[in-house]
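Observations on the model geometry
Each chain, written out:
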Amino acid sequence: MRELVTIQVGTYANFIGSHFWNFQDELLGLAEEPNRDPLFKSSDLDMDVLYRTGETQKGIPTYCPRLLSVGFQGSLGSLNISGFLYDHIQSPNPDVLTWTGNVARLVAEPHPKNLFLQSLYEEEHGKLDASEDDPASSLTKSIQDIARVECLENDVKFWTDFSKVQYHPQSLYELNNSWTDINKFDNYGIGKDVLSGGLLLEEMNERLRFFIEECDHIQGIQFVVDDFGGFSAAAVEILEDIADEYTNTPVLLYSVRDPCVYANAINQKSIARALHDAVSFSRLSSYCHLMIPVGLPSVRRAFSPLLLVEDHKPYHTSAVYASSMHSISIPFRMQMPGPATSSTFTSGAMDVGEIVHTLSGQSRQNMVTSLAIAMPPPSLIEENNQGTILRNLRSLTPELKEDHEDLLATESLVVQGAFYSDGHRATLSQVEDSLCAAYQREPSKPLFSRLSVALCPLPVPLPFPSIFGSKIGQHGELEYDAVQGVRPRGSLDVESIPMATRLRSSCAIVPFLEKRSGDLRKYGIARGAPGAGLLCGWGFEKDEVDDMGEHLVKLLTAFDPHSGTASDSD
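Within every chain, residues take consecutive numbers counted from 1 along the sequence as written. Owing to the predicted nature of the model, reporting of local features is limited to residues with pLDDT of at least 70; listing and counting of side-chain atom pairs is limited to 80 or more, with chain, interface and lining totals taken over all residues. Side-chain figures throughout are based on the complete set of non-hydrogen atoms in the structure, without hydrogens or water.

The secondary structure content of the protein chain amounts to 16 helices and 18 strands. Taking all 570 residues of the protein chain together, the buried fraction comes to 55%. What makes two residues a contact is simply this: any of their non-hydrogen atoms within 4.5 Å. When contacts within the protein chain are restricted to residue pairs at least 6 apart in sequence, those whose partners lie at least 24 apart make up 79%. For accessible areas, the Shrake-Rupley method is used with a probe of radius 1.4 Å. Any residue's cover is judged against the shown protein chains and nothing else. If you sum the accessible surface of the protein chain, you get close to 25,300 Å²; carbon and sulfur atoms cover 51% of it. Helix and strand assignments come from DSSP, with helices taken as H or I runs of at least 4 residues and strands as E runs of at least 2, each series counted from the N terminus. Only protein chains enter the accessibility calculation, which uses a 1.4 Å probe; a residue is then buried when its area is under 20% of its type maximum, exposed when over 50%, and partly exposed in between.

This part takes up the pairing of strand 18 (residues 499-505). Counting buried residues along strand 18, seven of its seven residues qualify, which places the element largely inside the surrounding structure. Residues of strand 18 alternate between two faces, with M499, T501, L503 and S505 on one and A500, R502 and R504 on the opposite face, all of them buried. Examined bridge by bridge, strand 10 (residues 370-374) and strand 18 share five bridges and lie antiparallel to one another. Looking at the pairing, L371 lines up with L503 of strand 18. Pairing of strand 12 (residues 410-416) with strand 18, which is carried by seven bridges, proceeds in the antiparallel orientation. Each residue of the ladder has a partner; that of S412, found in strand 18, is L503. When DSSP finds at least two bridges between two strands, those strands are taken to pair.

So, about empty space enclosed by the protein. A 1.4 Å probe that fits but cannot get out identifies a cavity on a 1 Å grid over protein atoms alone, an open set with protein on both sides within 12 Å along at least five of seven lines counts as a pocket, and a residue lines either if it has an atom within 4 Å of a point. Grid points are joined across faces, edges and corners, and a volume is the space filled by probe spheres set on the points. In the structure shown here, the tally under the stated rule is six cavities of 30 Å³ or more. Taken as a whole, the largest cavity spans an internal volume of roughly 90 Å³. Lining the largest cavity are D227, S255, R257, Y262, D277, P293, V294, G295, P398, E399, F512 and R516. Throughout this entry, Asp, Glu, Lys and Arg are counted as charged residues, while Ala, Val, Leu, Ile, Met, Phe, Trp, Tyr, Cys and Pro are counted as nonpolar. The remaining residues, Gly among them, count as polar. For the lining of the largest cavity, the residue count by class is five nonpolar, two polar and five charged.

With that out of the way, let us pick up a negative patch on the surface. Together, E541, D543, E544, D547 and E550 give the surface a local cluster of negative charge. If you trace the backbone, E544 turns up in helix 16 (residues 542-557). Owing to a relative accessible area of 34%, E544 belongs among the partly exposed residues under this scheme. Like-charged residues within 9 Å of one another, or nonpolar side chains (Val, Leu, Ile, Met, Phe, Trp, Tyr) within 5 Å, are grouped into patches, provided each residue has over 30% relative accessible area and no salt bridge. By definition here, a salt bridge exists when the distance from a side-chain nitrogen of Lys or Arg to a carboxyl oxygen of Asp or Glu is within 4 Å. For the charge count, each Lys or Arg is scored as positive and each Asp or Glu as negative, with His and the chain ends excluded. Charge positions come from single atoms, namely NZ of Lys, CZ of Arg, CG of Asp or CD of Glu.

Bringing helix 13 (residues 428-441) into the picture now. In this model, helix 13 (14 residues) spans 20 Å end to end at C-alpha, consistent with the 20 Å of a helix rising 1.5 Å per residue. Listing the buried residues of helix 13 in full gives L428, V431, L435, A438 and Y439. Down the axis of helix 13, the sector holding all buried residues measures 100 degrees, keeping them to one side. Of the residues in helix 13, the exposed ones pointing more than 90 degrees away from the buried face are D433, Q440 and R441. Buried positions along helix 13 lie against strand 9 (346-347), strand 12 and strand 15 (448-454). Each residue after the first adds 1.5 Å to the expected span of a helix. Working definition: the arc comes from the directions between the helix axis and the C-beta atoms, pointing outward to the latter.

Each axis is a line fitted through C-alpha atoms, and for a helix only the stretch in contact is used; angles between axes span 0 to 180 degrees, taken between their N-to-C directions. Axis separation between helix 6 (residues 199-213) and helix 7 (residues 231-245) bottoms out at 10 Å; the angle between their running directions is 50 degrees. The pairing of helix 6 with helix 7 is recorded here as oblique in orientation. Between helix 6 and helix 7 lies a crossing whose hand is right-handed. Here L201, M204, N205, L208 and R209 of helix 6 lie close against helix 7, whose contacting residues are E237, I238, D241, I242 and E245. The residue inventory of the contact of helix 6 with helix 7, partitioned by class, reads five nonpolar, one polar and four charged. An angle counts as roughly parallel when it lies under 35 degrees, as roughly antiparallel when it exceeds 145, as roughly perpendicular when it falls between 65 and 115, and as oblique in every other case. For any helix crossing, the convention is left-handed if the near helix is rotated counterclockwise from the far helix by under a right angle, and right-handed if that rotation is clockwise.

We now examine a nonpolar patch on the surface. The grouping of L408, L447 and F448 at the surface amounts to a nonpolar patch, some 250 Å² of accessible area in total. Its place among the elements puts F448 in strand 15. For F448, a relative accessible area of 33% puts it in the partly exposed group.

Turning our attention to the environment of N22. Position of N22 relative to the elements: it lies in helix 1 (residues 11-32). Separated by 437 residues in sequence, N22 and P459 have C-alpha atoms that sit 9.4 Å apart. Dropping the residues within four chain positions of it, N22 is found in contact with F162, S163, K164, V165, P461 and P463.

By way of backbone hydrogen bonds, the strands of a sheet pair with one another, either parallel or antiparallel. Sheet architecture is open: six strands sit in the order 9-15-12-18-10-11, paired in mixed fashion. Across the chains shown, the open sheet's two edge strands, defined by having one partner strand only, are strand 9 and strand 11 (394-395). Set on the sheet, helix 12 (residues 352-360) makes contact with strand 12, strand 15 and strand 18; between it and strand 12 the angle comes to about 135 degrees. On the sheet, helix 13 packs against strand 9, strand 12 and strand 15 and is oriented at approximately 155 degrees with respect to strand 15.

Quick look at the confidence of the model for the protein chain now. Scored from 0 to 100, pLDDT reflects the predictor's confidence in each residue. Overall, the prediction assigns the protein chain a mean pLDDT of 88, with 86% of residues at 70 or greater. In this model, residues 89-97 is a region of pLDDT below 50 whose contacts with residues beyond four sequence positions or in other chains number two contacts.

Taken as a whole and judged by the stated rule, the model has 25 salt bridges. One salt bridge in this structure joins R52 and E214, with 2.6 Å as the shortest N-O distance. A residue pair is termed long-range when its members are at least 10 positions apart, and R52 in strand 2 (residues 51-55) and E214 in the loop between helix 6 and strand 6 (218-226) qualify at 162 residues. R52 gets classed as buried once you look at its relative accessible area, which sits at 10%. Between D155 and K157 there is a salt bridge, with the nearest N and O atoms lying 2.6 Å from each other. With a relative accessible area of 34%, D155 lands in the partly exposed category. The structure contains a network of salt bridges with shared partners spanning E202, E206, R209 and E245.

The structure is reproduced here in structure tokens:
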């Protein structure tokens, strides 16, 4: 077993995680349905890598994500903090008191389930007839599905509003006494203050320890953090303990950002914003093995007209990021072939340690990578002059520069569910041969590249948002002659899509690093720096700030050994 533990910290990270786990739940369901695409039944993906088996107090078997989710107090919407599979966790005994003064009890009204969650509950408890053989029942279900989709498009407030996954009671953790308004929980210092007592951190670590220590052979941790505000400080505390207790466990870190925060940041003080970004990045990158910054100011602008994303809806944008995260995780759960056997459904299996070594352990020691996707990619034979899969990749990492001439670049490419031509799925060898030829035609090639291929496409579950353009067909094929429609297509129109996802370590990330290094030096380290007092208020001593600055310079020296010489000139 090569288990993977997932950690999600922050509101937007949990939006991404909710979609990610919906994909996994859909894969599990499709594998059991007799009339579905056989690729879902024989995917050769080991779901035990992400899930744990157990049983309730009543002896009922369970299969839950191996997950720790951290969020605001009150951020779970209608979901109970102990989930629904197990009996509710009992609150501390109210008769045991250490306070003798007046006591006021404040009880918030539970959030009602939306139409999607109500129908999900009724289906699970056998209250809805989902028979496909009965025309009347099938028509009723279609009407219900349309209503559920409309409900989600118009009324998602919490990440739990569109989650169809059952969680273990140890998975869900709320930061008590934290803000529920993200605009007020907007800097690193506030996050440090919330965790200053130590008790919250210990409670989170106990939950994480529960999942890690039951693993037979953990391959790594995939960590998603909302890095815009105080949650980055919470993530750093967790990462620091992981580094102390599980030294040899590699951590793959997604540092994510909602497009909405770019608009909100316009009204914030620029020095505070710049220092938060520099401190957050420096601290987070100090405690992981591979870091992937994710978060564009506009997802729609990057992917229109194939994807019609509404940037102001986290429900929409997080679905795109979750799709890439799912694709990246595919090699981690491919069935490892034996010495004399090979799979006809997957190739290029890797674990987290291998992808870390591929991208950060080659000639250039760079551990900050960019992420790009084609969603969906064109068919392999380049119909309608759409170009190769490589030419259709679009970045999800901000603040990059062109890197076509970087001869030391390394990359890992995952392709799943690709079409060869005219709606026909490609075989493993067709994908491998096509990508090999595409790399040969590129004007410059990476120093090292690794390809992983899965025939199984990305499933599109019902809670997935309606973000597909009219040129995307039922199975994700590109229909170039389709009439441009006004209404975006969703899960009722598109059942699955192919995906291509690339992690690339190259000089393209240099502007991202330079901005954070320069901002910390200018506003926090240089003589008379205007933000020095602010960093002190966040609890940082001068030597700690200097250490963060040196760490950022060290990241830059991976690209230019002379780049650190000017760091002390201020």
